[in-house]
Amino acid sequence: MPRRLLLGLAAPALSALIALVITLGVLIATGNSLGDFLSVMLDPPKGRNVVNILNNASVLYLSAIAAAIGFRMNLFNIGVEGQYRIAVFAAAVFGGQGWLPGPLNVLVAILIAMLTGGLWAAIAGILKVTRGVSEVISTIMLNAIAISLTSYLLRQWGERAGSTLTTDRIPEDSWVPGIPLPGFLPDAPNEVHGLALLAVAVGIGYSVLLSRTRFGFELRTTGLSATAAVASGIDVRRMVIAAMLLSGGVAGLVGLPILLGDAHSFTTTFQTGLGFAGIAVALLGRNNAVGIAFGALLFAWLTEQSSKLGIEAGISNDLISITQGVLVLSVVVAYEVVRRYRVAQEQRAVAQALAAARRESTEASR
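The structure displayed is predicted, hence computed values, not measured ones.

Engineer: What is the right way to read the side chain of His 193 from this model?
Structural biologist: Residue position: His 193 is located in the loop between strand E2 (164-166) and helix H7 (197-212). His 193 sits in the buried class, given a relative accessible area of 13%. Dropping the residues within four chain positions of it, His 193 is found in contact with Asn 55, Ile 179, Pro 257, Ile 258, Gly 261 and Asp 262.

Engineer: So what exactly am I meant to see when it comes to helix H11 (residues 256-263) here?
Structural biologist: Since the α-helix turns once every 3.6 residues, residues separated by three or four places project in the same direction. Of all the residues in H11, the buried ones are Leu 256, Pro 257, Ile 258, Leu 259 and Leu 260. The inward-facing, buried residues of H11 abut helix H3 (47-72), helix H4 (80-97), helix H5 (102-131) and helix H12 (274-284). One or two positions beyond H11, positive phi appears at His 264, with a value near 65°.

Engineer: Hey, could you run me through the nonpolar core in this one?
Structural biologist: For soluble globular proteins, the rule of thumb is that nonpolar side chains tend to be buried together. Formed by 89 residues in total, the largest nonpolar core has its most connected members in Phe 37, Ile 65, Leu 256, Leu 259 and Leu 260. Per-element tally for this core: the top contributor is H3, with 13 residues. Setting aside residues no more than four positions away along its own chain, Leu 259 makes contact with Val 88, Ala 91, Ala 92, Ile 170, His 264, Ser 265, Phe 266 and Phe 270. Counting five residues, the second largest nonpolar core, distinct from the first, contains Val 51, Ala 188, Val 192 and Ala 196.

Engineer: Explanation requested: the UniProt feature "transmembrane region" (unreviewed entry) in the chain in the structure shown.
Structural biologist: Residues annotated by UniProt as "transmembrane region" (unreviewed entry) correspond here to residues 53-71, 83-100, 106-127, 136-154, 192-210, 240-261 and 273-299. Split by type, residues 53-71 is 100% helix and 0% strand. Its first and last C-alpha atoms lie 26 Å apart. With 81% helix and 0% strand, residues 273-299 has end C-alpha atoms that lie 13 Å from one another.

Engineer: Please clarify how the environment of Ala 10 should be interpreted in this entry.
Structural biologist: With respect to the helices and strands, the residue Ala 10 is situated in helix H1 (residues 2-29). Taking the C-alpha atoms as reference points, Ala 10 and Val 337, 327 residues apart in sequence, are found 9.8 Å from one another.

Engineer: Would you take a moment to explain helix H13 (residues 289-313) for this structure?
Structural biologist: Between its first and last C-alpha, H13 extends 35 Å over 25 residues, near the 36 Å set by a 1.5 Å rise per residue. Taking the largest bend as the criterion, H13 deviates by roughly 25°, centred on Ser 307. Following H13 by one or two positions, Gly 314 has its phi on the positive side, about 65°.

Engineer: Got a minute to help me understand the environment of Ala 57 in this structure?
Structural biologist: Here Ala 57 shows up in helix H3. The exposure class assigned to Ala 57 is buried, which follows from its relative accessible area of 6%. It is 22 Å that separates the C-alpha atoms of Ala 57 and Phe 37, two residues lying 20 residues apart in sequence. Not counting residues up to four positions away in its chain, the partners in contact with Ala 57 are Ala 296, Leu 297 and Ala 300.

Engineer: Can you walk me through the packing of H7 against helix H8 (residues 214-224) in this structure?
Structural biologist: Describing two packed helices takes the angle between their axes plus the distance from one axis to the other. At a minimum axis separation of 5 Å, H7 and H8 run at an interaxial angle of 75°. The angle between the axes of H7 and H8 places the two elements in the roughly perpendicular class. Contacts from Leu 209, Leu 210, Ser 211 and Arg 212 of H7 reach H8 at Arg 214, Phe 215, Gly 216, Phe 217, Leu 219 and Arg 220. Residue composition of the contact of H7 with H8, grouped by class: five nonpolar, two polar and three charged.

Engineer: Even after reading the chapter, I still don't get the pattern of salt bridges, so can you show me in this structure?
Structural biologist: As a working rule, side chains carrying opposite charge can pair if their charged atoms are close by. Within the structure shown, the criterion is met by four salt bridges. Salt-bridge contacts for Asp 43 lead to Lys 308; the nearest nitrogen and oxygen are separated by 3.2 Å. One end of the pair, Asp 43, is in the loop between helix H2 (34-41) and H3; the other, Lys 308, is in helix H13, with 265 residues separating them in the sequence. On the basis of relative accessibility, which here comes to 27%, the residue Asp 43 falls in the partly exposed class. Among the ionic pairs, Glu 135 bridges to Lys 128, the shortest N-O distance being 3.0 Å. Among the residues examined, Glu 135 registers a relative accessible area of 5% and is labelled buried. Each member of the salt-bridge network shares a partner with another, and the members are Arg 214, Glu 218 and Arg 238.

Engineer: Where do I start with the side chain of Ser 265 in this structure?
Structural biologist: Assignment of secondary structure puts Ser 265 in the loop between H11 and H12. A polar contact of 3.1 Å, which involves the side chain of Ser 265, links it to the side chain of Thr 166. Leaving out residues up to four positions away in the same chain, Ser 265 has contacts with Thr 166, Thr 167, Asp 168, Arg 169, Leu 259 and Phe 270.

Engineer: Would you take a moment to explain unusual backbone geometry for this structure?
Structural biologist: Excluding glycine, a negative phi dihedral is what most residues carry, and trans is how most peptide bonds are arranged. At His 264, a position not held by glycine, the phi torsion is positive, near 65°. Summarising the element assignment, His 264 is placed in the loop between H11 and H12. Here His 264 falls in the buried class, since its relative accessible area comes to 6%. Within the chain, Asn 287 stands out as a residue other than glycine whose phi angle is a positive 60°. By the element assignment, Asn 287 lies in the loop between H12 and H13.

Here is what the cut-offs are and how they apply
Residues numbered from 1 in each chain as written. Predicted model: local features only at pLDDT ≥ 70, side-chain atom pairs only at ≥ 80, totals over all residues. Heavy atoms only, no water. Helix = DSSP H or I, 4+ residues; strand = E, 2+ residues; numbered from the N terminus. Buried < 20%, exposed > 50% of the residue type's maximum accessible area, 1.4 Å probe, protein only. Contact = heavy atoms within 4.5 Å. Core = buried A, V, L, I, M, F, W, Y, C linked by side-chain atoms within 4.5 Å. UniProt positions renumbered as here; feature names shortened; annotations may be inferred. Expected span 1.5 Å × (residues − 1). Bend = angle between axes of the 7 residues up to and from the residue. Axes fitted to C-alpha atoms, helices over the stretch in contact; angles between N-to-C directions. Parallel < 35°, antiparallel > 145°, perpendicular 65-115°, else oblique. Nonpolar A, V, L, I, M, F, W, Y, C, P; charged D, E, K, R; others polar. Salt bridge = Lys/Arg side-chain N within 4 Å of Asp/Glu carboxyl O. Polar contact = N/O pair within 3.5 Å; in protein donor to acceptor, adjacent residues only side chain to side chain.

See below:
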């Protein structure tokens with residue numbers, strides 16, 4: 001057990017070491033101060049910054065879970081970016097009409113976002129099972145289409161507010177209130193998005209789905225070996241479409257904490273990049289609900305601290321983007337190194353056991 005635990009800790013420790021060494025190497029190569037960088041990055045965030053980290057981590061977590069569902073099925077859903085943008089646009093358009101009373105308006109907006117994201121992702125699944133189109137290609141193309149489509153619809157029916165175009169503002173009775181944390185962060189003037197709790201619910205649902213349900217078993221089996229899944233009677237084509245629907249449905253939730261808790265409308269400046277960042281977080285967390293939570297918090301913390309780099313240390317905050325990319329690559333490399341070491345150890349143990357059995361057999365025959 002201690003050996004297994006050590007091997008389990010070796011990969012994250014090795015990946016953190018690799019990322020740190022490479023980041024420090026980049027700092028030295030660009031002539032920046034290591035001391036200033038570490039001083040800013042290790043400076044404890046204030047209450048306001050902690051709330052920002054939690055808010056950013058919650059949407060990154062939802063995005064990463066959406067990507068992880070596909071990854072567990074061996075599907076590379078690169079289209080989370082487009083799925084959440086078109087989903088949040090649909091939710092904003094519906095919510096802005098105010099046809100329903102507050103809580104019901106919020107509930108239906110959430111369902112519309114999930115349905116829109118799921119259907120948008122299902123296009124890639126249908127293309128894959130009917131025409132053999134790679135989901136990587138189709139989801140990338142669908143990202144571009146989703147961004148162009150929302151921009152076009154905003155130009156056609158949106159309202160101009162200053163230099164931006166926006167959907168109708170969601171009525172105030174449909175705003176989801178934030179969660180104050182006066183007991184933990186008395187100096188924080190801002191609040192955690194109320195719909196950040198969606199991340200907790202989705203994380204629990206993801207874990208239960210994968211480990212406690214037949215659908216999760218079939219999803220994991222298909223991801224490990226489609227041939228074995230077919231031999232076991234699993235309808236792989238159905239699973240592809242179902243996995244894309246589910247992945248897109250979760251992707252549809254990504255922008256809702258921002259829309260219903262802060263922005264209250266969809267504009268041309270609505271936050272971008274959450275889908276691509278979520279893919280990196282899913283890889284960092286190894287598609288595990290707990291690992292993804294740590295990955296989302298780490299990415300959110302790096303992003304929040306990066307805003308101080310330029311001001312306090314005169315270092316470009318682009319360095320944080322490099323660090324985040326290096327982290328993902330380091331995790332991939334470190335886990336592969338540890339996996340090969342573990343396989344080599346197992347093979348050595350089997351060879352020793354076989355040799356011992358052969359010696360006993362030889363001695364018994366004499």
